[in-house]
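Results of the structural survey
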Amino acid sequence: MPDLSKITSIEDLRVIAKRRVPKMFYDYADSGAWTEGTYRANESDFQKIKLRQRVAVNMEGRSLRTTMAGQETAMPVAIAPTGLTGMQHADGEILGARAAKAFGIPFTLSTMSICSLEDIAEHTGRHPFWFQLYVMKDRDFIERLIERAKAANVTALQLTLDLQILGQRHKDIKNGLTAPPKPTIKNLINLATKPAWCMGMLGTKRRTFGNIAGHAKGVKDLSSLSSWTAEQFDPALSWADVEWIKKLWGGKLILKGIMDVEDARLAANSGADALIVSNHGGRQLDGAPSSIAALPAIVEAVGSEIEVWMDGGIRSGQDVLKARALGARGTLIGRSFLYGLGAHGEAGVTRALQIIQKELDITMAFCGRTNIDEVDSSILLPGTF
């Protein structure tokens, strides 16, 4: 393992990832829809929230351990589902799952991952993990995907509700995003500056959507796969589909993409185990509020009925603490994870988790708390949240 001790922030990892990852895949991870206003607000709105520093409080015996949907976790953080993770670094989802397992936090695999469900199970010794599901028009494919998730020892299904149609992501359009990248002159010139990434890709067979290729009807090559995914996201998704999937799955169900109190009430009434306050990292509806701004009203409305988590803009342990103070039982990290992965593979993911854990632990202590389950809004400065 390389010595990454001089990397002291998620921003350090982002800078390295930008240098090492091909432009189209870095931009995919580090961009939002339209003007990117919501994408930026996800991060900047955390900075407006101020903490109360306490002194002469016994800071010994601190613990960050908690549970998310009944699963014990080393801190209230899980790795979020991110598409094309295996294009940030060769075998990226496998590396992320292994790092999460060693650290003691949950890992979530995306439907649109490069490594498959079976890959994760095989390379983590069938360690429990979570799976994020998109609802496709091909319901037979969905049924088989859920059965594969059960066989792979997935312990919670994360159903994403905010991608019935795709937001307009200008950088992805301009870059001509594909997996793997098309051998255009522009792409080849860029790839020539990323030798470590290219060597990693040459050493793996996983270069396309592993959960779909070879499993969905009519998908035999990359061009048909691309058209299939573009056509398959279902704009007719409804709460009836949520009920159908809940019965089909039969296990822990988490609903991702809730940003409105009315939808939060419907989510709570659905019988799901948790909901995630999330605007898809600012990649869907530009002009929506940040996740952290939407969180308190949703916690107030349904926090006593269902676990409320949040995702979006978390770049530090302080952000995790602020989310927890505002009522989030757990948080998810997407970009912070991807920056670590793009920068240094599995070791980079571990370093990202170490950074967040240490910042969370130290900040909690400065705020006069020794147990994460005792953190509430009293640690925040009134008028700043």
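To be clear, the structure that these remarks concern was listed above.
Residues numbered from 1 in each chain as written. Predicted model: local features only at pLDDT ≥ 70, side-chain atom pairs only at ≥ 80, totals over all residues. Heavy atoms only, no water.

1. A few points about the packing of helix α1 (residues 10-20) against helix α15 (residues 335-366)
The criterion, for reference: Every axis corresponds to a line fitted to the C-alpha atoms, with the helix fit spanning only the stretch in contact, and the corresponding angles, defined between N-to-C directions, vary from 0 to 180 degrees. Counting from the N terminus, the helices are the DSSP runs of H or I reaching at least four residues and the strands are the DSSP runs of E reaching at least two. Any angle between 65 and 115 degrees counts as roughly perpendicular, while under 35 counts as roughly parallel, over 145 as roughly antiparallel, and the rest as oblique. Two residues qualify as a contact provided that any one of their heavy atoms is within 4.5 Å of a heavy atom in the partner residue. Basically, the charged four are Asp, Glu, Lys and Arg, the nonpolar ten are Ala, Val, Leu, Ile, Met, Phe, Trp, Tyr, Cys and Pro, and anything else, Gly included, counts as polar.
Remark: α1 packs on α15, axes separated minimally by 9 Å, with the N-to-C direction vectors making an angle of 175°. When the interaxial angle is binned, α1 and α15 end up roughly antiparallel. Contacts between α1 and α15 involve I10, L13, R14, I16, A17 and R20 on the former and, on the latter, S336, Y339, G340, G342, A343, H344, G348, A352, I355 and I356. Each residue belonging to the contact of α1 with α15 can be placed in one class, and the counts come to 9 nonpolar, 5 polar and 2 charged.

2. As for unusual backbone geometry
We count it as follows: The classification of residues rests on relative accessible area computed with a 1.4 Å probe and restricted to protein chains. Under 20% of the type maximum is buried, over 50% is exposed, and intermediate values are partly exposed.
The omega angle of the peptide bond from A179 to P180 is -5°, so this bond is cis rather than trans. Inspection of the secondary structure assignment puts P180 in the loop between α7 (170-175) and α8 (185-191). A positive phi angle, near 55°, is found at A56, a position not held by glycine. Residue classification places A56 among the exposed residues on the basis of a relative accessible area of 86%. Non-glycine residue L84 carries a positive phi angle of around 60°. Relative to the elements of secondary structure, L84 occurs in the loop between β3 (77-79) and α4 (92-103).

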